[in-house]
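Each chain, letter by letter, is given below.
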Amino acid sequence: MYPAVLLFVIRDSINAGKPLIAAMVHHSGSIQSFKQQKGMHTSISEILKEKSPKPSRRSLPCLAQSQTHPLNLNHFLSVPLSSEPTPEAEGLSQSVSTSCSVLPPHTAEEGNDQYVEESEVTTCETKADESIPLKKPSTRVKLQARNDSVQGKKSAGSSGLFFRDGKKRVDYILVYKKSSPQVEKRCTFEKNLRAEGLMLEKEPSLTNNDIMFVKVQAPWDTLCKYAEQMNIRMPFRKKSYFTDWKSKTLGSRFHLRCRQIKSWLPRNPMKLDKEALPDLEDTDCYTAPFSRARMHHFTINSREAFFSNSTRSRIIHHVLQRTKYEDGKSKMGINRLLGNNTYEAAFPPHEGGYKSRHPIKTHGAQNHRHLLYERWARWGMWYKYQPLDLIRRYFGEKIGLYFAWLGWYTGMLIPAALVGVFVFLYGLFTMDSSQVSKEICEANNTIMCPMCEDTCEPWTLSDSCVYAKVTHLFDNGGTVFFAIFMAIWATVFLEFWKRRRAELTYDWDLIDWEEEEEELRPQFEAKYSRVERVNPISGKPEPFQPFSDKLSRLMVSVSGIFFMISLVLTAVFAVVVFRLIAMEKFASFNWYFVKNNWQFATSGTGVCINFMIIMSLNVVYEKVAYLLTNLEHPRTESEWENSFSLKMFLFQFVNLNSSTFYIAFFLGRFAGRPGKYNKLFNRWRLEECHPSGCLIDLCLQMGVIMFFKQIWNNFMELGYPLLQNWWSRRKMKKGGGGGPNVENKAQLPQWDKDWNLQPMNAHGLVDEYLEMVLQFGFTTIFVAAFPLAPLLALLNNIIEIRLDAYKFVTQWRRPMPARATDIGIWHGILEGIGVLAVITNAFVIAITSDYIPRFVYAFKYGPCVDKGHHHKNECLRGYMNSSLSVFEMRDPMNGSLSIYCRYRDYRAPPWSSVPYEFTLQFWHVLAARLAFIIVFEHLVYGIKSFIAYLIPDMPKGLCDRMRREKYLMQETMYESELTHLQKERKKKGRRYHHEWP
């Protein structure tokens, strides 16, 4: 055929040194018409796109081994079409075309790497295309419009979002130092990126002379190729929503009346203005996995806008992760190059600045980043709903799901906080009328046994009046009700989140995403490349980790976990010893105020010391968890993240709650009695509870840790990045060597601005989820001891949403947009916390609080036993005297005399036949406590299970809608294919009918 003859002539002519470019241009019209008649391609570039096989996604480090084109044809494409380069070509000397690659040399002289400058190919394609509109003058208008759009892009390119030609948009940024010794690896890696179809252009930094940026752009063909490989779903038709027969017949008038009534009501101030947000059309379209063979099915209005910025970034990241930089299976991936300092950073650029001189209401948003800042990240939007669709489009589905879950959790905290405030106010209003507090405050003649044996003196029970009143704020009749309510609330929260997640996965087109096979981690491929096994899903061989190797690594990891947990318990033991020493010192303190409030002083200092130990150990735990997770060599990124998240949760949960468990269930349980106290190391007497109970110690522990931890986390999330960015700008101005452009930040290109921002955490969203899940544990596990915990969590989360939004939009580089269908392993952890919360609250009410002893006294030993049910305070009259035992001790003033002091326990008096033995009331109270635990757990678990059964995981309307749309998608694909085939027959001049061809 004629094209084949032409190629042979071109090859022979170039080998002989005879240029035929002029002849080709002269005969372009005839060749063009001949190709159109034969249905063939119209340019050399199209021949290459169709005929040349695509390079492998794991390119060999030496491009000389590639078999892409014949050597003479590749050399022909390297020859410029004109003898003099254009100015545009000179300005783009560092850009590289993606349609050519280096070929295996036939001789030793041809073994050098050859590259095609983008300017030369641009000139070639421009001259070849100019032969087409010579016979069609009507297309000159389109060319003029295209030139105008290019000029607009050039002006926009000054913001740092385009290549130097103003046409190609920057999709990804690689950063390296000129002084880096890893030059060979970087050059090989960039050569392979070009072979994979990416276009690169280098740009020096304006703020640091040692920094060089590599701008990466994926052309249309490369995007299509990898979108098909990655099974990326793309829109092909707008959704057609339907209504059932009820809404068509009976519901039309009803909906009309509802709209009229709704229009009369005041507008919800929490909703965002629809006019302020862009029309996100891609969320209202049917989608299907992209296929180049069925490209005619998809809605491609513009090649530039068909693939969103986040999708382009995901495709390029996929290529970066699979491209080699040296020989060997283990020498691949941008992560390894970042680890060995070949590159300093790799990130997708932000879409521009987040601030504007003009108000957004009158001039609109400059870009999505500006829109996110104005409608989401500003502090003035704290009461507004979040624009989840816009967050998802800019940052990806994974980050969008995190903010959706955080917003849902914050909204569900509102009823929990209200009920907790009501319980606290109930305790506040009944504090003065509490019978137990009255008896303690009026017990001026009740002498209590000394708190230490050597330097302490007896004290009166009325000295702890304030302590008893504060205890009643949190240990009252509403405690049991609030504990049951929070257990049910946790179940409702998780069940309704499942429904919300189902709606989001449907709206964001993530329903079928779980069926896709996740890619292997490059580190896993490098480690186990010698052993392969056929994947049962894809049917392809892949690296395999033997069971023995996996088990041994898992055992080492588990051993490391237990070692760190033992370290936590050692730290808790040290805090306990500190409390014992502090108790003796404060009880015998010379200052009367401290001596009178020694219990507050002991608990307060112990909590502060414990908080400092917790925050110090968290730093160690993070490094150990990272080391153990890498030691396991997880197969995929999701497995790595789940393993790391589980370790971090176990470490920090034990670290944060171990001292709380000690105070709740062990403090004062093993102290002994006067005359026979249990001592630690035969030196320090174990700590006792206050006569009004140990619940106030637990409340103080939770309140202090929760308050200070939230302040510290907020500072580390926002204050620390702000300080880092400020310090970077300060260093840049003083000694950065960037010249006058450093002073004017507005003139810096976007990649320079993003480079000076802080990178996202290496662990992704693990820290964000971990903070919220630990807070959820504090809110539910010991909520019976601290009913204000949901209120503190609500106030913190309102600030947390805007802090995270401000951090993501303004202080961090743009993270790589990732996809996810759920919050991952955190959902299972939340369910486990909900189960644990029922058990701990049952034990807190039964053992830590005095609810059960007061209940037993009122119905078994109190004055209301024979009179029937009366007022609660009347039934508790004499309770304080009944809960204190008597001990005979020597008078400290006169050693020959004996006096009686009281202590908290149920023991027989010294004049009894069995002195200091447990009384019958002790066993009644113990049996009542055990019975309450069993009844409470079974009752709450039954309610939780019943509620979980009643609430389906997916709304019925959504199920019907999904089935309906599946049917419509099949019909649409059938009709589209039928129309396409009929058009093809009509174009070829064949007759066609309306049935399937």
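Residues numbered from 1 in each chain as written. Predicted model: local features only at pLDDT ≥ 70, side-chain atom pairs only at ≥ 80, totals over all residues. Heavy atoms only, no water.

(A) Quick peek at the overall build of the protein. Scanning the protein from N- to C-terminus turns up 37 helices and 16 strands. Long-range pairs, those at least 24 residues apart, make up 74% of the contacts in the protein between residues at least 6 apart in sequence. With an accessible surface of roughly 50,000 Å², the protein has 59% of that area assigned to carbon and sulfur atoms. (Helix = DSSP H or I, 4+ residues; strand = E, 2+ residues; numbered from the N terminus. Contact = heavy atoms within 4.5 Å. Areas by Shrake-Rupley, 256 points an atom, 1.4 Å probe, with all protein chains shown as cover.)

(B) Looking closely at the side chain of Arg369. Summarising the element assignment, Arg369 is placed in helix H17 (residues 368-377). In this structure, Arg369 is buried with no salt-bridge partner, the nearest side chain bearing the opposite charge being Asp754 at 4.5 Å. Excluding its chain neighbours within four sequence positions, the residues that come into contact with Arg369 are His350, Gly352, Gly353, Tyr354, Tyr394, Gln750, Leu757, Val809 and Thr810. (Buried < 20%, exposed > 50% of the residue type's maximum accessible area, 1.4 Å probe, protein only. Lys, Arg positive; Asp, Glu negative; His and termini not counted. Salt bridge = Lys/Arg side-chain N within 4 Å of Asp/Glu carboxyl O.)

(C) Structural context of the sheet that holds strand S1 (residues 172-177). Strand order in the open sheet formed by 4 strands is S2-S3-S1-S6, with antiparallel pairing between adjacent strands. The open sheet has two free edges, formed respectively by strand S2 (199-204) and strand S6 (345-347), since each of these has just one partner strand. Strand-to-strand twist across the sheet, computed as the mean angle between neighbouring axes with direction ignored, equals 20°. As paired elements, S2 and strand S3 (residues 211-217) share 6 bridges and run antiparallel to each other. (Pairing = 2+ DSSP bridges. Axes fitted to C-alpha atoms, helices over the stretch in contact; angles between N-to-C directions.)

(D) View of the state of the cysteines. The final tally for this structure, using the stated rule, is 3 disulfides. Each sulfur of the disulfide joining Cys449 and Cys901 lies 2.0 Å from the other. Looking along the S-S bond of the Cys449-Cys901 disulfide, the torsion reads about 80°, which is the right-handed sense. One end of the pair, Cys449, is in the loop between strand S7 (447-448) and strand S8 (459-460); the other, Cys901, is in strand S16 (residues 898-904), with 452 residues separating them in the sequence. Residues Cys449 and Cys901 agree in their burial class; the two are buried. (Disulfide = S-S within 2.5 Å.)

(E) Looking closely at the packing of aromatic side chains. A full pass over the atoms with the stated rule returns 53 aromatic pairs. Judged by centre distance (6.4 Å) and plane angle (20°), the ring pair of Tyr851 and Phe855 falls under stacked. Within this pair, Tyr851 and its partner Phe855 are both found in helix H33 (residues 851-861), separated by 4 residues, close to a single helical turn. Look at Tyr851 and you get partly exposed, because its relative accessible area is 24%. For Phe855, a relative accessible area of 42% puts it in the partly exposed group. (Phe/Tyr/Trp six-rings, centres within 6.5 Å; stacked < 30°, edge-to-face > 60°.)

(F) Region of interest: helix H18 (residues 388-395). With respect to burial, H18 is a largely interior element, 6 of its 8 residues being buried. Looking at the residues trailing H18, positive phi occurs at Gly396, about 100°.

(G) Just unusual backbone geometry, in detail. In this structure, Asn231 takes a positive phi of about 55° despite not being glycine. Considering the arrangement of structural elements, one finds Asn231 in the loop between helix H10 (220-229) and strand S4 (233-238). We note that Asp509 has phi near 60°; this positive angle belongs to a residue other than glycine. Following the sequence through the fold, Asp509 ends up in the loop between helix H22 (478-507) and helix H23 (522-527). Since its relative accessible area comes to 21%, Asp509 is described here as partly exposed.

(H) Representation of the side chain of Thr780 in the model. Among the structural elements, Thr780 can be located in helix H30 (residues 766-780). For Thr780, the side chain forms a polar contact with the main-chain oxygen of Phe776, separated by 2.8 Å. (Polar contact = N/O pair within 3.5 Å; in protein donor to acceptor, adjacent residues only side chain to side chain.)

(I) Region of interest: a nonpolar patch on the surface. Together, Trp712, Phe715, Met716, Tyr720 and Leu723 make up an exposed nonpolar region whose accessible area comes to about 480 Å². Here Leu723 shows up in helix H28 (residues 695-735). (Patch = residues over 30% accessible without salt bridge, like charges linked within 9 Å, V, L, I, M, F, W, Y side chains within 5 Å.)

(J) Inspection of the environment of Val607 at higher detail. Here Val607 is to be found in helix H26 (residues 598-632). Among the residues examined, Val607 registers a relative accessible area of 1% and is labelled buried. Residues Val607 and Gln701 lie 94 residues apart in sequence; the distance between their C-alpha atoms is 5.8 Å. Sequence-distant contacts of Val607, defined by excluding residues within four places in its chain, comprise Leu700, Gln701, Val704 and Ile705.

(K) Representation of the pairing of S1 in the model. Extensive coverage of S1 is indicated by the burial of 5 of its 6 residues. Relative to S3, S1 is paired through 6 bridges, and the arrangement is antiparallel. Paired with Leu174 across the strands is Val214, a residue of S3. The pairing of S1 with S6 spans 3 bridges and is classified as antiparallel. Residue pairing in the sheet places Val175 in a bridge with Ala345 of S6.

(L) Up close: the pattern of salt bridges. Enumeration over the complete set of coordinates arrives at 30 salt bridges. Across the pair Lys185 and Glu326 runs a salt bridge, and its minimum N-O distance is 3.9 Å. Separated by 141 residues along the polypeptide, Lys185 in helix H9 (residues 183-195) and Glu326 in the loop between helix H14 (309-321) and helix H15 (334-339) bring together distant segments of the chain. Since its relative accessible area comes to 27%, Glu326 is described here as partly exposed. Its salt-bridge partner being Arg392, residue Glu397 comes within 3.1 Å of it at the nearest N-O pair. Overlapping salt bridges, with partners in common, bring together Arg164, Glu201, Glu203 and Lys215 in one network.

(M) Layout of the packing of H18 against helix H19 (residues 397-429). The contact between H18 and H19 brings their axes to 7 Å, and the two run at 150°. With respect to H19, the element H18 is oriented roughly antiparallel. Remark: the crossing between H18 and H19 carries right-handed chirality. Contacts between H18 and H19 involve Leu388, Ile391, Arg392 and Phe395 from the former and Glu397, Ile399, Gly400, Phe403 and Ala404 from the latter. (Parallel < 35°, antiparallel > 145°, perpendicular 65-115°, else oblique. Left-handed = near helix turned anticlockwise from the far one by under 90°.)

(N) Here's a closer look at the environment of Val886. Examined against the element boundaries, Val886 turns out to sit in strand S15 (residues 884-890). Accessibility expressed as a relative area gives 15% for Val886, which makes it buried. If near-sequence neighbours (up to four positions away) are discounted, Val886 is found in contact with Tyr900, Cys901, Arg902, Tyr903, Pro909, Pro910, Trp911 and Tyr916.

(O) Spatial organisation of the environment of Val844. Considering the arrangement of structural elements, one finds Val844 in helix H32 (residues 825-848). The exposure class assigned to Val844 is buried, which follows from its relative accessible area of 1%. Excluding residues that lie within four positions of it along the chain, Val844 makes contacts with Phe665, Leu695, Leu698, Phe782, Ala784, Ala785 and Ser849.

(P) Just the packing of H33 against helix H36 (residues 920-950), in detail. Here H33 crosses H36 at 120°, and the two axes come no closer than 9 Å. Considered as vectors, H33 and H36 are oriented oblique to each other. Between H33 and H36 the crossing geometry is right-handed. Of H36, the residues touching H33 (which contributes Ile852, Pro853, Val856, Tyr857, Lys860 and Tyr861) are Leu920, Gln921, His924, Val925, Ala928, Arg929 and Phe932.

(Q) Representation of the confidence of the model for the protein in the model. Confidence along the protein averages 75 in pLDDT terms, with 74% of residues attaining 70 or more. Low confidence marks residues 1-158, where pLDDT is under 50. Its contacts with residues over four positions away, or in another chain, come to 174 contacts. Overall, residues 242-250 carries pLDDT values under 50, and its contacts beyond four positions in sequence, including any with other chains, amount to 6 contacts. (pLDDT = per-residue confidence, 0-100.)

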